[in-house]
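# An overview of the molecular structure
This is what each chain is made of:
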Amino acid sequence: MANFLSRLFNEDARKLKQIQKKIKPVLDLEEEYKAKSDDELKAMTPYLREKLAAGATLDDIFVEAFATAREACRRVIGEFPYPVQLMGAAVMQGGDIAEMKTGEGKTLTSVMAVYLNALDGKGVHVVTVNEYLSERDSAWMGEIHRFLGLTVGLNLRQLTKAQKRAAYACDITYTTNSELGFDYLRDNMVTRVEDRVLRGLNVAMVDEVDSILIDESRTPLIISGGKKDTANLYLQADRFVKRLVKDEDYELDVKSRTVQLTEKGTAKAEATFRIENLFNLAHTQLLHHINQALKANYVMLRDIEYVVDEENDEIVIVDPNTGRLMKGRQWSDGLHQAVEAKEGISIKQETTTLATITYQNFFRLYNKLCGMTGTAKTEEEEFLEIYNMYVFEIPTNRPVARIDYPDAVYGTKKAKFNALVDEVVERHAAGQPVLVGTIAVETSELISKYLKERHIPHEVLNAKNNAREADIIAKAGQKGAVTIATNMAGRGTDIKLGEGVRELGGLCVLGSERHESRRIDNQLRGRSGRQGDPGMSRFYVSVQDDLMVRFGAEHMEALFAKLGDTVIESKTVTRSISGAQRRVEGVNYDARKQLLQYDDVMRQQRETMYDTRNFILENDDVHAVIHDMFKRVISDIVAAHFNSEARDQDLNELIAALDGIGFKGVVRVEDIEGRTENDVVDICLEQAWSDYEQKIEKVKDKVLPIEKEVSLRMIDRAWSNHIDTMSKLRDGIGLRSYAQSNPLQAYVTEGFNLFEDMMRTISREIVAFCMNIRVVDGPEQEA
């Protein structure tokens, strides 16, 4: 193991040396580019673009482009990128991830890589986690790019299609990950080419790359439409599950966060809903509603996973990684409605999914993907396996002066909170600013209550109180400030120290518990000790914390029961906590990997559908596509009815089947008698197509647009139904393991069959429409 780690670290050191070697020529050009006039510096952009047009690659112009952008930073915003920032930019240019500690200037680091990749004119998307950062960076860093003659766009949710199209047409576009994904889905639902807003997925540079590509990767982007009236079913299921008794009627698994009915609970459901067998196919919908009601009542926790906004009569999801409210987001598959029923909120109508994609598969569509963050190394295996990106730990410009103390571990939550509050009181008395990080809204309010009892003035920043976020953060580093915050203050937040605070030891960061992910803990720690500032961090943990209950060593609670409220700072205990986090990370990674394996089935189908759809969309004349559909339909009918012995009965059945799809009287028995299967297909196709061509000959110019419109409409309807069917198949496929079959293999096989069925259905519907079109006198045709 030691040898493996040694080799690993040596490999990392070797890669960093290569990056240092790569940026040395850029550093050497510092004085030369400093001597250039503004006009000479601006002239570098057309000069470099001409080089690219003449056949040079981005690597060929790397040194000049980086030197140009670096000098522009100094002139436009008065900041000159350090060598470590050039290293980070070089890593991103290579399509990898730069891990840079808090306060090391990741935003400025991106400028060089963005400038270089924007020179070829194909577009660079700079992806941030929220619109505030997109607006800030497009104005702040965008000023540098505009100085150098590049166009900079900002994509926001409220923009019109024309405004979005203009933003994406720029050399550089700042956008959020969610809006970018939804724009991609919407572009594949338009019925006119000119309604698209994107112009291709060339380069994506992702800020906080671990948050978007890891933490949010299991959240699918879904566009919904069409409503289902199912509110009453949710209320009935909710009333039923609220009467159930734990361990008697249902079993709750805390570790896997799953809940299911026992045999006794199943019998109660059958009696309540007056049915014989709950697991009969006819009761699939009822079973689904009961399962979602169980999850809503016994797994989903108020003020942790969601908050109730009574003023607006809605359930608002809390992002578990950032602690922020996710307004407008809903859990899918009816879980949101089940939680609404649980909390007595008006139940919103369920909708049908029209389009969906996961972030994992969306970002893999880009020609180049790279990113930056303060914490990614712990997930390097996942980045490499799923996105083919290495993680480079970039050294800090100045040594980190923060002291990270060992975890203070207690036997009970009460003892832990008492000790944490004692430390806050002590640090506050000395004037040192304190940031208390919590995982849940509920915990932040509990600590606030304790501090009020001790008469300690403080601010609370959580999903319920996010309107004053900027004001609270601005004061968090001042002398005597005490701030309690959820994960909202743990990522991308720059807390500047007030006067005299460095002498007091800098910002004191205290964690009220360990997060499931070590990365989130590291993000919280990173609020202190930026750019060589002093600071300290410590986590307070109890063996009753959710993480320890779910994944900790089982002997720990018994050990602490004997010790009472004594604090322990032990390497063994800390290792146990880290081990619990690694187990959770492993479970989450497996879940994300499995999701990707299942979603890859949909990815292949989605690409096929979108390619077909785009061909139809981009061509005014889709007559050749209609011909292919005729061939498919006829081939299927012939294959289903053809018999090599060609008895009259079989041939008559074949003719009847062709008549049924709209080919009435087109083919006679004597035309195909004694022929091979391929001959029969060719004869039927030739005569059916000839019949259709004759029918529309006089009005072909009016029929062609109808063919296009009908094709798009029927493809969209069939695809929406297929997504819904695949979702239901995915939900139930896990049960196949009980029958000793591989659920993923079964999903692949059945998913392929369902897709083929959908393609046949689309062809049959379009062909039936064409064959049944009636040509009438006058300007209009009707089907």
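Residue positions are given per chain, counting from 1 as you read along its sequence in written order. Predicted model: local features are reported for residues with pLDDT of at least 70 only, side-chain atom pairs are reported and counted for 80 or more only, and whole-chain, interface and lining totals are derived from all residues. Side-chain metrics rest on all non-hydrogen atoms present in the structure, leaving aside hydrogens and water.

Think of each axis as a best-fit line through the C-alpha atoms, taken over the contacting stretch in the case of a helix, with angles from 0 to 180 degrees between the N-to-C directions. Numbering goes from the N terminus for both helices and strands, where a helix is a DSSP run of H or I of at least four residues and a strand is a run of E of at least two. Running from N to C, helix 4 (residues 44-53) and helix 5 (residues 62-77) cross one another at 165 degrees; their axes reach a closest spacing of 11 Å. The angle between helix 4 and helix 5 falls in the class roughly antiparallel. Remark: the crossing between helix 4 and helix 5 carries left-handed chirality. Packed against helix 4, whose contacting residues are Met 44, Tyr 47, Leu 48 and Lys 51, the element helix 5 presents Glu 64, Ala 65 and Thr 68 at the interface. Each angle receives one of four descriptions, namely roughly parallel if under 35 degrees, roughly antiparallel if over 145, roughly perpendicular if within 65 to 115, and oblique otherwise. Crossing handedness follows the turn of the near helix against the far one: under a right angle anticlockwise gives a left-handed crossing, and clockwise gives a right-handed one. We call two residues contacting when some pair of their heavy atoms lies within 4.5 Å.

UniProt positions are given in the numbering used here, feature names are shortened, and annotations may be inferred rather than shown by experiment. Following the UniProt record, the feature "binding site: ATP" (unreviewed entry) maps to Gln 85, Gly 103, Glu 104, Gly 105, Lys 106, Thr 107 and Asp 494 here. Residues within four places of Gly 103 in sequence aside, it is in contact with Arg 530 and Gln 531. With respect to the secondary-structure elements, Lys 106 resides in helix 7 (residues 106-118).

As for its placement among the helices and strands, Asp 183 is situated in helix 11 (residues 177-187). Separated by 3.2 Å, the side chains of Asp 183 and Lys 164 make a polar contact. Reaching out from Asp 183, the side chain makes a polar contact with the side chain of Tyr 168 at a distance of 2.7 Å. Ignoring sequence-local partners within four residues, the contact set of Asp 183 consists of Asn 155, Lys 164, Tyr 168, Val 197 and Leu 198. Polar contact criterion, stated in full: a pair of N or O atoms within 3.5 Å, where within protein one must be able to donate a hydrogen and the other to accept it, and residues adjacent in sequence count only if both atoms are side-chain atoms.

What follows is about the packing of aromatic side chains. For any pair of aromatic rings, the description rests on two quantities: the centre-to-centre distance and the angle between the ring planes. Here a pair means two rings of Phe, Tyr or Trp (six-membered ring of Trp) with centres within 6.5 Å. Their orientation is stacked below 30 degrees between planes, edge-to-face above 60, and tilted elsewhere. Under the criterion given, the structure shown has 16 aromatic pairs. Seen from their ring centres, Tyr 598 and Tyr 747 are 4.9 Å apart, and the 65 degrees between their planes marks the pair as edge-to-face. On the criterion of sequence distance, the pair formed by Tyr 598 in helix 25 (residues 571-618) and Tyr 747 in helix 31 (residues 743-771) is long-range, its members being 149 residues apart. Residue Tyr 598 shares its accessibility class with Tyr 747, and that shared class is buried. Here a set of aromatic residues connected by ring pairs shows up, and it is made of Tyr 184, Tyr 359, Phe 362, Phe 363, Tyr 366 and Tyr 610. The ring of Phe 80 has Arg 74 lying over it, and the distance from NZ or CZ to the ring centre is 3.8 Å. By the criterion adopted, a ring carries a charge over it if an Arg CZ or a Lys NZ lies within 6 Å of its centre and within 35 degrees of its normal. Between the NZ or CZ atom of Lys 416 and the centre of the ring of Phe 417, over which it lies, the distance is 4.6 Å. Relative accessibility thresholds used throughout: buried, under 20% of the residue-type maximum; exposed, over 50%; partly exposed, between the two (1.4 Å probe, protein chains only).

Another aspect to go through is the nonpolar core. Only buried Ala, Val, Leu, Ile, Met, Phe, Trp, Tyr and Cys residues count toward a nonpolar core, and they belong to the same one when joined by side-chain atoms within 4.5 Å. By size, the foremost hydrophobic cluster in this structure holds 92 residues, and its most contacted members are Phe 363, Phe 383, Phe 630 and Phe 663. Segmentation into domains, and thus their bounds, comes from an automatic or database assignment. Built from parts of two domains, this core gets at least three residues from each of domain 1 (2-221 + 360-393) and domain 4 (619-772). The contact partners of Phe 663, leaving out residues within four places of it in the chain, are Phe 630, Ile 634, Leu 658, Ala 688, Val 767 and Met 771. Within the second largest apolar cluster, 55 residues are counted, among which are Met 100, Val 124, Ile 172 and Tyr 174.

All of the buried residues along helix 18 (residues 380-387) are Glu 380, Glu 382, Phe 383, Ile 386 and Tyr 387. Down the axis of helix 18, the buried side of the element spans an arc of 165 degrees, and every buried residue falls inside it. Positive backbone phi, at 60 degrees, marks Asn 388, one or two positions downstream of helix 18. Regarding the arc, it is the one traced by the directions from the helix axis to the C-beta atoms.

So, about the pattern of salt bridges. Each reported salt bridge corresponds to a side-chain nitrogen of Lys or Arg within 4 Å of a carboxyl oxygen of Asp or Glu. All told, the structure shown has 51 salt bridges when counted by the stated rule. Of the charged contacts in the structure, one is a salt bridge between Arg 192 and Asp 195, with a shortest N-O distance of 3.0 Å. The exposure class of Arg 192 is partly exposed, given its relative accessible area of 44%. Take Asp 195: its relative accessible area is 16%, and that puts it in the buried class. Its salt-bridge partner being Asp 404, residue Arg 402 comes within 2.7 Å of it at the nearest N-O pair. By sharing partners, the salt bridges in this structure join Asp 38, Glu 71, Arg 74 and Arg 75 into a single network.

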